[in-house]
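# Fold and geometry: a report
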There are 2 protein chains.
Amino acid sequence: SAGAGFSVEGWIKAVWEFCKEDSNRIKYSLKVGLAVLLVSLLILFQAPYQVFGTNIIWSILTVAIMFEYTVGETFNKGFNRALGSLLAGILAVAVAQAALSSGHVAEPIIIAFSIFIIGTVASFMKQWPSLIQYEYGFRVIVFTFCLIIVTGYRMGNPAKTAMDRLYSIAIGALVAVLVNVLICPSWAGEKLHKELVKQFDAVGDSLEECVRKYLEDDGSNHPEFSKTVMDEFPDEIAYKRFKATLNSSAKIDSLANSAKWEPPHGRFKHFFYPWSECVKVGAVLRSCAYEVMALHGVLHSEIQAPYNLKITFQREIQEASSRAAELVRSLGKDIMKMKRNLRSRTSLLKMVHSSTLRLQRSIYIHSYLLTSGHDYSPDNSNSNSTKPLSKQLSHNLSSALSDLHAHLAAGDGNGGEGMLPNSATPPTAQNGIGVLPAAAESYQEHLKKQLRRQHSWPSREVDDEFEGSIGVDFLPKMKALESTASLSLATFTSLLIEFVARLDHLVEAVDQLAKMAKFKQDDS
Amino acid sequence: SAGAGFSVEGWIKAVWEFCKEDSNRIKYSLKVGLAVLLVSLLILFQAPYQVFGTNIIWSILTVAIMFEYTVGETFNKGFNRALGSLLAGILAVAVAQAALSSGHVAEPIIIAFSIFIIGTVASFMKQWPSLIQYEYGFRVIVFTFCLIIVTGYRMGNPAKTAMDRLYSIAIGALVAVLVNVLICPSWAGEKLHKELVKQFDAVGDSLEECVRKYLEDDGSNHPEFSKTVMDEFPDEIAYKRFKATLNSSAKIDSLANSAKWEPPHGRFKHFFYPWSECVKVGAVLRSCAYEVMALHGVLHSEIQAPYNLKITFQREIQEASSRAAELVRSLGKDIMKMKRNLRSRTSLLKMVHSSTLRLQRSIYIHSYLLTSGHDYSPDNSNSNSTKPLSKQLSHNLSSALSDLHAHLAAGDGNGGEGMLPNSATPPTAQNGIGVLPAAAESYQEHLKKQLRRQHSWPSREVDDEFEGSIGVDFLPKMKALESTASLSLATFTSLLIEFVARLDHLVEAVDQLAKMAKFKQDDS
């Protein structure tokens, strides 16, 4: 009993949390209760019952079916129900008159045949691509037609049945619409804006989270890839929200579709608010989101750039990504507030571009690092370079690189005079990547660890097959993997740069929306 | 009139095409027509009408609302309607008895209050995450409860009203289910498998198309990026299909949800077919699809690797991607045929891995190309290297690289003895990228063209701002862009390699499905 009491308590807590999360849920529930109550009173009270009779039960059905979460959706369903019922009523009365005038034997045959035809045609039409949105309307046509014509056949007065039904549907629709619009209305347009802003925030946050984790990851506790696929990272809160946005294009579409049905209201004052522009902004945002998805893929890839290499570009990557995230979130805020702040936006965009350019320059300066991982290794036991060609190559390149390293180290010793004005100056132990023998050794060790981690790919059997079929061993495979590992940093930065490039288009799309929706200028 | 006649003709043609595309559409329509006809006959014929009376109109409503495209969905909706009606009936009878025994004054008050409570509670419960799938059931509870209790109040016998209603709903449900299952049934499980296979094909085809276009693209007619966002590439047929699959996770989910309701049938002979495994396979496939999306992003990126560079890796990229695409399609075929062909799958996987390894090796061998774009340029007018440091660096590195180039050229001259056993040997004009003066010049020109193309990013104003704020001009920006351009090839190949890495998990997921669904072994 004590156990059951505890679970009830937990259950009440869960319900309470659920209500607190979004108070509109409880409002919606109370509104439905009120709407069905109001329409039921029409039968419970004597006066309206004497006017309308039992036909009023159709009002109850209408309210229960039509009452949706948002005003736009309710209008949309109401339109479908009204037009569907009207069309079905007209058709039914016409067919019933024709059937009546054709004699007693032919009447039921004509009626049965017409039911079959209407059912077939309406079901076919609702599958037509441009009519799919009126699916519910066609369903209404089918059952309303059948109901009217069948009861008309038995009661003898199809026109009266049709009129009674239309009356009661109109009453139900009116009650549903009034309750929905007058009492704490929930507008689809408002929800659409909130959803868009949520997606902007999710993309911005997820980008930052992804970059932070990438730069933090020193390979010490790398979870397996399979978890990536199944999304089981407890520390990636932003990513979870973000992933949901990728699959929510249908939600944006349906909200925009509902919003079109809503009259001007609140801050959406003018007619013909450009809801379709919101959908476009969502599409462009999604195209940015795919880049973040790819960044996330690099973050959890099995082939990782060595930590020391990441550290070299840390500051530039961090700066570019945090500014880009800031821009994305500020775009979201502009949409939320329905304001255009051209000045702050331009300056943000400039900052994003300049830090991206700084990242590009830094990569240019350090580009040798991305491909030279195999040259300054002190222990060449693995490179079994039997051919003089590759030996020679290796020697020449590595001598040039040690020159370079020496110069870099010197430049850094002199207080970094101009060489890397904007790059981070990490602790000395990590600074000379592979330059000092000690560092080089630790780097080598790190790489081996890295490779051991790649247990699942490429798999063992494939290695054997590959060695056998090619029969060339002048290039140890470890080296090839190592080189690809360094290039994974290039991939990460390229994707980040591509993300920034797409931001231009995002800014454009938001500007287009701001223009068409006449956002207020905000020069604060 | 002639014009109208023509448009009618075109319209008929369109309808005909629509039917031919999927003959199930016409079958479904005829089935709906038949179902409503059958249920209407219960009223049109004298004998059943005398048994059931006008209450039978509820059967018509049930058929029209319950009749869905697939068997599983019909069962699901039928379950919702049946259970909802049953619960509402029990509740209504109980409340009505209580109201009746409380006297004439209290009766309508109790009834009104109960309607409000039921409407509110049911609407609240249907928003609860784990109950959302029974949304329709809660709707049924609300209107059935209101209908029974209100008509019961007016007619005086709520228990009889409830029973009549349940009878007629049961009849309607029976007709809908029988017609749906016995006449050309459309199974959700079958559709789910077809949808999955379609997605496998779309991913495979799109990968191939993307790689083909990437390797073909010599920068001569590069469309603007904005078109990428809006998907207006007329020549990317596979991509269009592919893009649709990315947004169709909801479709897979709902089909799997419907399939769970279907009894064993056809080739899905055993109970508890692992439908949720199909959803998992879809999720893993989507994680592969995101990589293809990123590849597509690189394809249409404004920063492009020079054509000559692409050509160097052409054969390896092509081989790896076409084998990967073949593997993806063969996995799809296995699911379609519900067969496991371990032997052919293993050999395909081996081939994919070995060609990916070859690609990695080729990148390792040529990795200097990816970052050395700035070193062998004959006209150094732009590099205004005022600092002796960078001059020195540049000199050392470039001397090492010319050594390398010379060796490469020599190796190639000797019939490519062992150096690049598997790499393509493109025409000589393109082979020595920037090695021979003539080639270097054309390469340089190409780069300039490349940079001219980047009109929109980084934008002009930002450039100015950047130059001003940093005040460092020792590194021309063109060079930075150029370096990033070459690294874009590294990005493309890294993403391709990551795609292949994820294939392992896709194979695993399909194997898991095959095991749980007891696919037949196929060792042909």
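Keep in mind the model is a prediction, meaning the values are calculated, not measured.

### Some words on helix H8 (residues 158-182) of chain A
Counting along an α-helix, one turn takes 3.6 residues, and residues three or four places apart therefore face a common direction. With 25 residues, H8(A) should cover 36 Å at 1.5 Å per step; its first-to-last C-alpha distance of 36 Å lies within 8% of that length. Just beyond H8(A), the residue with positive phi is A:Cys184, at close to 40°.

### Overview of the nonpolar core
Counting residues in each nonpolar core, the largest one holds 140 residues, and the members touching the most others are A:Phe200 and B:Phe200. Residues within four places of B:Phe200 in sequence aside, it is in contact with B:Val281, B:Leu285, B:Val328, B:Leu331, B:Gly332, B:Ile335, B:Leu506 and B:Val510. Residues A:Ala96, B:Val32, B:Leu61 and B:Ala162 belong to the second largest nonpolar core, which totals 95 residues.

### Things to note about helix H8 (residues 158-182) of chain B
Among the residues of H8(B), those classed as buried are B:Pro158, B:Ala162, B:Arg165, B:Ser168, B:Ile169, B:Ile171, B:Gly172, B:Ala173, B:Val175, B:Ala176, B:Val179 and B:Asn180. Tucked into the core, H8(B) has its buried residues touching helix H2 (24-44), helix H3 (46-52), helix H4 (57-66), helix H5 (71-100) and helix H7 (135-155) of chain B.

### Details of the packing of aromatic side chains
This model, assessed by the stated rule, comprises 18 aromatic pairs over all chains. With a centroid separation of 4.8 Å and an interplanar angle of 40°, the aromatic rings of A:Phe79 and A:Trp261 are classed as tilted. Separated by 182 residues along the polypeptide, A:Phe79 in helix H5 (residues 71-100) and A:Trp261 in the loop between helix H12 (249-259) and helix H13 (275-299) bring together distant segments of the chain. In this structure A:Phe79 comes out as partly exposed when scored by relative accessible area, which is 33%. Overall, the relative accessible area of 28% leaves A:Trp261 in the partly exposed class. Members of the aromatic cluster, connected to one another through ring pairs, are A:Phe18, B:Phe124 and B:Trp128.

### Some details on unusual backbone geometry
At A:Lys518, a residue that is not glycine, the phi angle is positive and equals roughly 55°. With respect to the element layout, A:Lys518 can be found in the loop between helix H22 (477-516) and strand S2 (520-521).

### A closer look at the confidence of the model for chain A
All names here are of chain A. Within chain A, residue pLDDT values average 74, and 72% of them lie at 70 or more. Taken together, the stretch residues 225-230 has pLDDT below 50 and engages in 14 contacts with residues farther than four places along the chain or on a different chain. Note on residues 373-476: pLDDT under 50 across the span, and 153 contacts to partners over four residues away in sequence or across chains. This prediction of the complex comes with two scores: 0.74 for pTM and 0.74 for ipTM.

Reading guide: rules and limits
Residues numbered from 1 in each chain as written. Chains lettered and ligands numbered in written order. Predicted model: local features only at pLDDT ≥ 70, side-chain atom pairs only at ≥ 80, totals over all residues. Heavy atoms only, no water. Helix = DSSP H or I, 4+ residues; strand = E, 2+ residues; numbered from the N terminus. Expected span 1.5 Å × (residues − 1). Core = buried A, V, L, I, M, F, W, Y, C linked by side-chain atoms within 4.5 Å. Buried < 20%, exposed > 50% of the residue type's maximum accessible area, 1.4 Å probe, protein only. Contact = heavy atoms within 4.5 Å. Phe/Tyr/Trp six-rings, centres within 6.5 Å; stacked < 30°, edge-to-face > 60°. pLDDT = per-residue confidence, 0-100.

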